[in-house]
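Report on the structure
One-letter residues, chain by chain:
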Amino acid sequence: MEGIILKGIGGFYYVDTAEGLIECKARGRFRKTVGKPIIGDRVMLEIQPEDGTGYLTDIHPRKNSLVRPAVANLDLLAVVASAAPPVTDPFLIDKVTAIAVHKGIGALVVINKTDEDPGDDLFRIYEKSGIETLRVSALTGEGIERLKDRIRGRVAAFAGNSGVGKSSVLNRLDSGFGAEVGAISDRIGRGRHTTRHVELHPVEGGGYIADTPGFSSFETGQMDLVLAEDLQYAFPEFVPYLGQCRFTGCAHVKEKGCAVCAAVQAGEIAESRHESYVKLYEGVKDLKEWELLKGGTR
Ligand SMILES: Nc1nc2c(ncn2[C@@H]2O[C@H](COP(=O)(O)OP(=O)(O)OP(=O)(O)O)[C@@H](O)[C@H]2O)c(=O)[nH]1
Ligand SMILES: [Zn+2]
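What counts, and at which threshold
- Counting starts from 1 at the beginning of each chain's written sequence and moves along it residue by residue.
- Throughout, the order in which chains and ligands are written sets their labels, letters from A for the former and numbers from 1 for the latter.
- Totals for whole chains, interfaces and linings use every residue, but because this is a predicted model, local features are given only for residues with pLDDT of at least 70 and side-chain atom pairs only at 80 or more, for both listing and counting.
- Numbering goes from the N terminus for both helices and strands, where a helix is a DSSP run of H or I of at least four residues and a strand is a run of E of at least two.
- With C-beta atoms placed from the backbone, a residue counts as buried when 20 or more other C-beta atoms lie within 10 Å of its own, as exposed when 12 or fewer do, and as partly exposed for counts between those limits.
- Think of it this way: build a C-beta for each residue from its backbone, and any pair within 7 Å is a contact.
- Should DSSP find at least two bridges between two strands, the strands are taken to pair.
- The axes are straight lines fitted to the C-alpha atoms, using for helices just the contacting stretch, and the angles between their N-to-C directions are given from 0 to 180°.
- Any residue whose backbone-placed C-beta atom lies within 6 Å of a molecule or strand is treated as near that molecule or strand.
- Ten residues, namely Ala, Val, Leu, Ile, Met, Phe, Trp, Tyr, Cys and Pro, are considered nonpolar, four, namely Asp, Glu, Lys and Arg, are considered charged, and the remaining ones, Gly among them, are considered polar.
- UniProt positions are given in the numbering used here, feature names are shortened, and annotations may be inferred rather than shown by experiment.
- Each helix should span, by expectation, one fewer than its residue count multiplied by 1.5 Å.

1. Digging into the overall build of the chain
Each helix and strand in the chain was counted, giving seven helices and 13 strands. For the chain, buried positions account for 38% of its 298 residues. Of the contacts formed within the chain by residues at least 6 apart in sequence, a portion of 63% connects residues at least 24 apart.

See the structure below:
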């Protein structure tokens, strides 16, 4: 039987299958292939007739995976942002979308609290970046149907700064979301706000949503960049300009004759997007040097 791992608690995996949710155990032998099963893994399992529980027999190759939070096979990584307080720092949006683009996961910016502030500036920035952007209000329900359409049949994880209304948006997407999270936390004896694990929650009409614990875990270290030069491709709007800079190997920071910098000057690329790129570049540049010092191991 086939299924998808929705959650893992204390060595048990809860797998959504055609027969419903099945509690499974894993056997150690995956360690040689993909390693430990993680949330979002597509797995094969066998049911034990004695008690109806299962055990995992195989894990399908992952189309992508994040390290923290540990989750596989995401179709979408959504960043919930807001122009109303607490206002989202665009750098945090850019960091998460860059990770998504680099990993081949669809990036989605969800501007919430539009009842308080429509977030016109944010919307313009991301519209121009080629990153899909939706405006919603979890309070009034505005825009929620479009977001529902976008995630239907997909596996979508949500990140966002504290207080942005991420929980409220997730509850709009599926009214059982909060209840479910609470119930599981009670079972393992922890308060809902202290749970740091990720789990997939099935949504009505198909698909899964997951809450992720804030922005802190989204570090560029997990992009697995081999070369700092790979970062430029994580900014979709840079791509038309790549190869047009005066110098090959241009870092697009402030070099003479840089086509990306010229596009920023001309207003074709948003300044805040370029600033985020430079900040991330400084980080991965150091990382690369560090990796080289360590002897080139990844
Ligand atoms: N005006 C307005 N307020 C909202 C909206 N969505 C959420 N809020 C309010 O914003 C506050 C935070 O909402 P939550 O859903 O708890 O936010 P969160 O992002 O999950 O916050 P954390 O639990 O800290 O991660 C609450 O007071 C909500 O009522 C919205 O669309 N409009
Ligand atoms: Zn350049």
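2. Thoughts on the sheet that holds strand 2 (residues 12–17)
Strand order in the closed barrel formed by five strands is 1-2-3-5-4, with mixed pairing between adjacent strands. The average undirected angle you get between the axes of adjacent strands in this sheet is 55 degrees. Judged from the six bridges that link them, strand 1 (residues 2–9) and strand 2 form a sheet pairing that is antiparallel. Across the sheet, Ile5 pairs through a bridge with Val15, a residue of strand 2.

3. What to know about the pairing of strand 4 (residues 42–47)
For strand 1 and strand 4, the ladder comprises three bridges, and the chain directions are antiparallel. When the bridges of strand 4 are listed, Ile4 appears paired with Arg42. In this structure, strand 4 lies alongside strand 5 (residues 54–59), joined through five bridges in antiparallel fashion. If you follow Met44 over to strand 5, its bridge partner there is Asp58. Between strand 4 and strand 5, which pair antiparallel one after the other, the connecting turn spans six residues, and Gly52 there sits at a positive phi close to 80 degrees.

4. Here's the deal with the site of ligand 1
As a matter of local geometry, ligand 1 sits amid 15 residues, with Leu139, Gly165, Lys166, Ser167 and Ser168 nearest to it. With three residues, helix 4 (residues 166–173) is the largest single contributor of residues to the shell around ligand 1. Looking at the shell around ligand 1 residue by residue, the class counts come to three nonpolar, eight polar and four charged.

5. Quick word on the sheet that holds strand 9 (residues 106–112)
If you trace the six strands from one edge of the open sheet to the other, you get 10-9-8-11-13-12, paired in mixed fashion. If you trace the sheet from one side to the other, it starts and ends with strand 10 (132–135) and strand 12 (200–202), each paired once. On average, each strand axis in the sheet is tilted by 30 degrees relative to the strand beside it, whichever way the strands run. Note that strand 12 and strand 13 (residues 208–211) share three bridges and pair antiparallel. Opposite His201, over in strand 13, you have Ile209 as the bridge partner.

6. A look at the UniProt feature "binding site: Zn(2+)" (unreviewed entry) in the chain
Here, UniProt's "binding site: Zn(2+)" (unreviewed entry) annotation points to Cys245, Cys250, His252 and Cys258. Mapping Cys245 onto the fold places it in the loop between strand 13 and helix 6 (259–265). In this structure Cys245 comes out as partly exposed when scored by C-beta crowding, with 19 C-beta atoms within 10 Å. Apart from residues lying up to four places away in sequence, Cys245 is in contact with Cys250, Glu255, Gly257, Cys258, Ala259 and Val260. Locating Cys258 in the fold gives a position in the loop between strand 13 and helix 6. With residues up to four places along the chain from it excluded, the contact list for Cys258 reads Cys245, Cys250 and His252.

7. Structural notes on helix 1 (residues 90–103)
The end-to-end C-alpha distance of helix 1 is 20 Å, a good match for the 20 Å that 14 residues give at a rise of 1.5 Å each. The element helix 1 is extensively covered by neighbouring structure, given that eleven of its 14 residues are classed as buried. Among the residues of helix 1, those classed as buried are Pro90, Leu92, Ile93, Asp94, Lys95, Val96, Thr97, Ala98, Ile99, Ala100 and His102. Looking one or two residues past helix 1, Gly104 carries a phi angle of roughly 75 degrees, positive in sign.

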